[in-house]
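The lines below spell out each chain.
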Amino acid sequence: MPRPVKCRKVCHFPNVLEFLPADDTEKKTPIVLTVDEYETIRLLDKKGYSQEQCAESMQIARTTVQRIYEIARKKIADALIDGHPLKIEGGDFIICDGQSSDCSFGGCYKQEIYQKYAVEKGEGIMRIAVTYENGQIFQHFGHTETFKIYDVEEGKVLHSEVVDTNGSGHGALAGVLNALNADVLICGGIGGGAQTALAAAGIKLFGGVSGDADKAVEAFINETLEYNPDVKCSHHEHNHGEGHTCGEHGCGSHSCH
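Quick caveat: nothing in here was measured; it's all calculated off a predicted structure.

## Re unusual backbone geometry
Phase 1 of the analysis: At N134, a residue that is not glycine, the phi angle is positive and equals roughly 50°.
Phase 2 of the analysis: With respect to the helices and strands, the residue N134 is situated in the loop between strand 6 (126-133) and strand 7 (136-137).
Phase 3 of the analysis: Here N134 falls in the exposed class, since its relative accessible area comes to 72%.
Phase 4 of the analysis: For E154, which is not glycine, the phi dihedral falls at a positive 50°.
Phase 5 of the analysis: With respect to the helices and strands, E154 occurs in the loop between strand 8 (146-153) and strand 9 (156-164).
Phase 6 of the analysis: Accessibility expressed as a relative area gives 78% for E154, which makes it exposed.

## A short note on the pattern of salt bridges
Phase 1 of the analysis: According to the stated counting rule, one finds eight salt bridges in the structure shown.
Phase 2 of the analysis: One salt bridge connects E37 with K75, and the closest N-O pair in it is separated by 2.9 Å. On the criterion of sequence distance, the pair formed by E37 in helix 1 (residues 35-46) and K75 in helix 3 (residues 62-82) is long-range, its members being 38 residues apart.
Phase 3 of the analysis: With its nearest N and O atoms 3.9 Å apart, the salt bridge here joins E52 to R62. Taken as a pair, E52 in helix 2 (residues 51-58) and R62 in helix 3 lie far apart in primary sequence, ten residues in all.
Phase 4 of the analysis: Among the residues examined, E52 registers a relative accessible area of 49% and is labelled partly exposed.

## Some points on the nonpolar core
Phase 1 of the analysis: If you look at the biggest cluster of nonpolar residues, it comprises 45 residues, and the most contacted ones within it are F141, F147, L177, L185, I190 and L198.
Phase 2 of the analysis: Grouped together as the second largest cluster of nonpolar side chains are 17 residues, I128, I137, A213 and V217 included.

## Focus on the packing of helix 2 against helix 3
Phase 1 of the analysis: Direction vectors running N to C along helix 2 and helix 3 enclose 100°, while the axes themselves pass 8 Å from each other. By the angle class used here, helix 2 and helix 3 are roughly perpendicular. Judged by residue contacts, Q51, E52, C54 and A55 of helix 2 engage R62, V65 and Q66 from helix 3.
Phase 2 of the analysis: For the contact of helix 2 with helix 3, the per-class residue count stands at three nonpolar, two polar and two charged.

## Let's talk about the sheet that holds strand 2 (residues 18-19)
Phase 1 of the analysis: The mixed open sheet is built from three strands, whose spatial order is 2-4-3. For this open sheet the edge positions go to strand 2 and strand 3 (31-33), each flanked by a neighbour on one side alone.
Phase 2 of the analysis: Each of strand 3 and strand 4 (86-88) touches helix 1; the most contacted strand, strand 3, lies at about 70° to it.
Phase 3 of the analysis: Running over the sheet, helix 3 touches strand 3 and strand 4 and is turned about 145° from strand 3.

## Quick word on helix 7 (residues 213-221)
Phase 1 of the analysis: Where helix 7 is concerned, the buried positions are A213, A216, V217, A219 and F220. Each buried residue of helix 7 sits inside an arc of 160° when the element is viewed along its axis, so together they form one side. Of the residues in helix 7, the exposed ones pointing more than 90 degrees away from the buried face are K215 and E218.
Phase 2 of the analysis: Considering only its buried residues, helix 7 is in contact with strand 6, strand 7, strand 8, strand 9, strand 10 (184-186) and strand 11 (204-206).
Phase 3 of the analysis: Sitting at the head of helix 7, D212 places a side-chain oxygen 3.1 Å from the backbone nitrogen of D214.
Phase 4 of the analysis: Count one or two residues on from helix 7 and you reach E223, which has phi positive near 60°.

## A closer look at the packing of aromatic side chains
Phase 1 of the analysis: For the structure on display, the rule yields three aromatic pairs.
Phase 2 of the analysis: An angle of 70° between the planes, with centres 5.1 Å apart, marks the rings of F206 and F220 as edge-to-face. Here F206 is found in strand 11, whereas its partner F220 is found in helix 7, with 14 residues between them in sequence.
Phase 3 of the analysis: Classification of F220 by relative accessible area gives buried; the value is 11%.
Phase 4 of the analysis: Residues F206 and Y227 carry aromatic rings whose centres are separated by 5.0 Å and whose planes lie at 75° to one another, so their mutual orientation is edge-to-face. Linking F206 in strand 11 with Y227 in strand 12 (residues 226-227), this pair joins segments that are 21 residues apart in sequence.

## Here's the deal with the pairing of strand 9
Phase 1 of the analysis: Summarising the sheet, strand 8 and strand 9 pair through eight bridges and their orientation is antiparallel. Paired with I149 across the strands is E161, a residue of strand 9.
Phase 2 of the analysis: In sequence, strand 8 turns back onto strand 9 through a hairpin of two residues, with E154 there showing a positive phi of about 50°.

The rules behind the values
- Residues numbered from 1 in each chain as written.
- Predicted model: local features only at pLDDT ≥ 70, side-chain atom pairs only at ≥ 80, totals over all residues.
- Heavy atoms only, no water.
- Helix = DSSP H or I, 4+ residues; strand = E, 2+ residues; numbered from the N terminus.
- Buried < 20%, exposed > 50% of the residue type's maximum accessible area, 1.4 Å probe, protein only.
- Salt bridge = Lys/Arg side-chain N within 4 Å of Asp/Glu carboxyl O.
- Core = buried A, V, L, I, M, F, W, Y, C linked by side-chain atoms within 4.5 Å.
- Axes fitted to C-alpha atoms, helices over the stretch in contact; angles between N-to-C directions.
- Parallel < 35°, antiparallel > 145°, perpendicular 65-115°, else oblique.
- Contact = heavy atoms within 4.5 Å.
- Nonpolar A, V, L, I, M, F, W, Y, C, P; charged D, E, K, R; others polar.
- Pairing = 2+ DSSP bridges.
- Arc of directions from axis to C-beta.
- Polar contact = N/O pair within 3.5 Å; in protein donor to acceptor, adjacent residues only side chain to side chain.
- Phe/Tyr/Trp six-rings, centres within 6.5 Å; stacked < 30°, edge-to-face > 60°.

Here's what the structure looks like:
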C-alpha cells in the first residue's frame, strides 16, 4: 500500500490560473501544473531559493522538491514549445497560515498575525473579515490594504478590529486570512485565483458586496446580505450581478488527499 502524500505548504497562491497561446486555431489539450509544482517554480526560479530552502519552506524533503521541480519544468517547456494551454490547479497542498516557526526564514507577517489571532479567537465564535477602506467595503480584493475583522457569537458582534495586510497582494492575501483564522470573507470584486485560494483555505466567500462594512456584517448576521456568488474581478473592471441572500450560497473547502 503506497504511503499517503504529505501536503506541501504553499505561501503564495497563483494570481493567474490559466495561460493560453495567442493563436488558438489549433486547440490542444491543456497541460495542468499543480499548485505545489507552481510553488517550486516560484521559490526556485523567481525567489532564487536553494532546493534546501525550498524544501524547508514547503515542509517536504529536498528530494521531493527536486522531483516536483523537474516535473514542473517539463510541463512548462511542453506548453511553451508545443503551444499547449497551461492551467494551474489541484495538487496536494495547504495554504500557509503562519503556524510554521521557520516560515519565510526570519519573519513572516502571517506568522505574526497567527500568533495573535489564533489564540484570541474563542471556541464557538465566527470570525468575519471584510475588505476595508474608510468604513466602506473595498472593491478590489487583490489590492486590499486592510481587513476589518468581526468576532460574532450568537448573532452579536463581540469585537471588531482593523488589521493591516502589510502590503500582501493577491495570492498572499488568502494566507493572511487563514492566519487571521477567518471563517468568512465579505468583499467587492475578487478574481478566480483568489476565490480558489479561499476555498482551499476553507474560507466562505460572499463577494460583489458594496457599501458600509458594519452594515454588511449586520446584514450577514441577519441573513439578509445581498451578494453575488458569481462575482468576478480584474484590474480594470468589476462585474456585479444580481444579488443573492447569504443563506442560499456557500463555498466549499479543501483538504489534502
